[in-house]
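Remarks on the overall topology
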Amino acid sequence: MPPVFLISLIFVGISLLVSSTLKGKFATYSRILLRNGMSGKEVAEKMLRDNGIYDVAVVSVEGSLTDHYNPATRTVNLSSEVYTGQSIASAAVAAHECGHAVQHANAYPWLTMRSAIVPAVQFSSNLVQWVLLGGILLINIFPGLLLGGIALFAVTTLFSFITLPVEFDASRRALAWLSTTNIVYGEEYDKAKDALKWAALTYVVAAIASLVTLVQYILIFMGNRNRS
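Below: a short report on this structure. (Residues numbered from 1 in each chain as written. Predicted model: local features only at pLDDT ≥ 70, side-chain atom pairs only at ≥ 80, totals over all residues. Heavy atoms only, no water.)

**What about the overall build of the protein chain?**
Tallying secondary structure elements over the protein chain gives seven helices and three strands in all. Viewed in the frame of its principal axes, the protein chain has a C-alpha envelope of about 70 × 35 × 25 Å. Counting over 228 residues, the protein chain shows a buried share of 43%. The contacts of the protein chain with a sequence gap of at least 6 include a subset with a gap of at least 24, amounting to 73%. Split by element, the accessible area of the protein chain, about 11800 Å² in all, is 64% carbon and sulfur. Between the mean site of the 16 positive side-chain charges and the mean site of the 14 negative ones, the protein chain shows a separation of 8 Å. (Helix = DSSP H or I, 4+ residues; strand = E, 2+ residues; numbered from the N terminus. Buried < 20%, exposed > 50% of the residue type's maximum accessible area, 1.4 Å probe, protein only. Contact = heavy atoms within 4.5 Å. Areas by Shrake-Rupley, 256 points an atom, 1.4 Å probe, with all protein chains shown as cover. Lys, Arg positive; Asp, Glu negative; His and termini not counted. Charge placed at Lys NZ, Arg CZ, Asp CG, Glu CD.)

See the structure below:
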């Protein structure tokens with residue numbers, strides 16, 4: 001098996017391990033209630049107010065770990081478990097998503113850059129799998145198709161890496177605010193930090209895995225060109 005394919009399989013395993021660990025951490029910290037009894041919704045609304053943000057709504061959405069900030073609709077979307085939960089996990093996730101709202105309000109450069117390429121990512125995501133499949137099947141007839149697929153996949157890989165500073169900065173803002181306001185303190189803070197650390201690792205693994213996959217397709221393309 002070529003080394004690059006072996007590395008790809010290793011990252012699949014790492015991704016599954018990190019994802020499983022994150023779910024386990026979230027489940028554990030969801031059972032530990034905050035001493036102040038605040039819900040995720042209340043934590044989010046307070047963080048927004050403390051940062052002078054009054055035009056962002058906090059809403060509940062379906063699903064598990066579906067929490068996100070939508071800059072287009074200016075909403076902090078919290079899964080129902082986080083929205084109503086009064087746990088350390090709920091506080092950490094709610095504050096993290098509000099960290100993105102603070103980034104948006106302050107025109108954080110990396111978030112601005114990520115938002116700018118979202119249309120290109122959506123376009124490439126809709127086509128990339130089919131173009132790459134067609135490129136592999138027709139590599140000896142129409143090698144340019146695979147090259148086009150590589151270009152599309154490169155856009156998604158770039159997006160993955162731009163996402164990293166956005167996510168890490170949102171967690172940094174969340175933890176700083178949680179600490180200074182004493183929403184969490186002592187062991188609560190350590191647990192909130194641990195939860196956000198594992199959430200960030202999922203993005204790191206995804207970005208590296210995307211890069212490894214991109215390299216795979218480039219090597220396939222280069223290998224075919226050298227044989228021609």
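**As for unusual backbone geometry**
Trans is the prevailing form of peptide bonds, just as negative phi is the prevailing case for residues other than glycine. Its identity is not glycine, yet alanine 107 carries a phi of approximately 55°, on the positive side. Along the chain, alanine 107 falls in the loop between helix H4 (88-105) and helix H5 (109-137). One non-glycine residue with positive phi stands out, namely asparagine 182, at about 60°.

**Regarding the pattern of salt bridges**
Going through the model one piece at a time under the given rule, you end up with ten salt bridges. Of the charged contacts in the structure, one is a salt bridge between lysine 197 and aspartate 194, with a shortest N-O distance of 3.4 Å. Of the two residues, lysine 197 and aspartate 194 both sit in helix H7 (residues 187-227), three residues apart, roughly one turn of that helix. With relative accessibility at 43%, the residue lysine 197 sits in the partly exposed group. Aspartate 194 gets classed as buried once you look at its relative accessible area, which sits at 14%. (Salt bridge = Lys/Arg side-chain N within 4 Å of Asp/Glu carboxyl O.)

**A short note on the pairing of strand E3 (residues 75-79)**
The two faces of a sheet get side chains in turn, since along a regular strand they alternate between them. Extensive coverage of E3 is indicated by the burial of five of its five residues. Every second residue of E3 is oriented toward a common face, with Thr75, Asn77 and Ser79 on one face and Val76 and Leu78 on the other, all of them buried. Here five bridges tie strand E1 (residues 57-61) to E3, and the two strands are oriented parallel to one another. From the neighbouring strand, valine 61 faces E3, where its bridge partner is serine 79. Bridge analysis of strand E2 (residues 68-70) against E3 gives three bridges, and the strand direction is antiparallel. Each bridged residue has a counterpart across the sheet, and for histidine 68 the counterpart in E3 is asparagine 77. (Pairing = 2+ DSSP bridges.)

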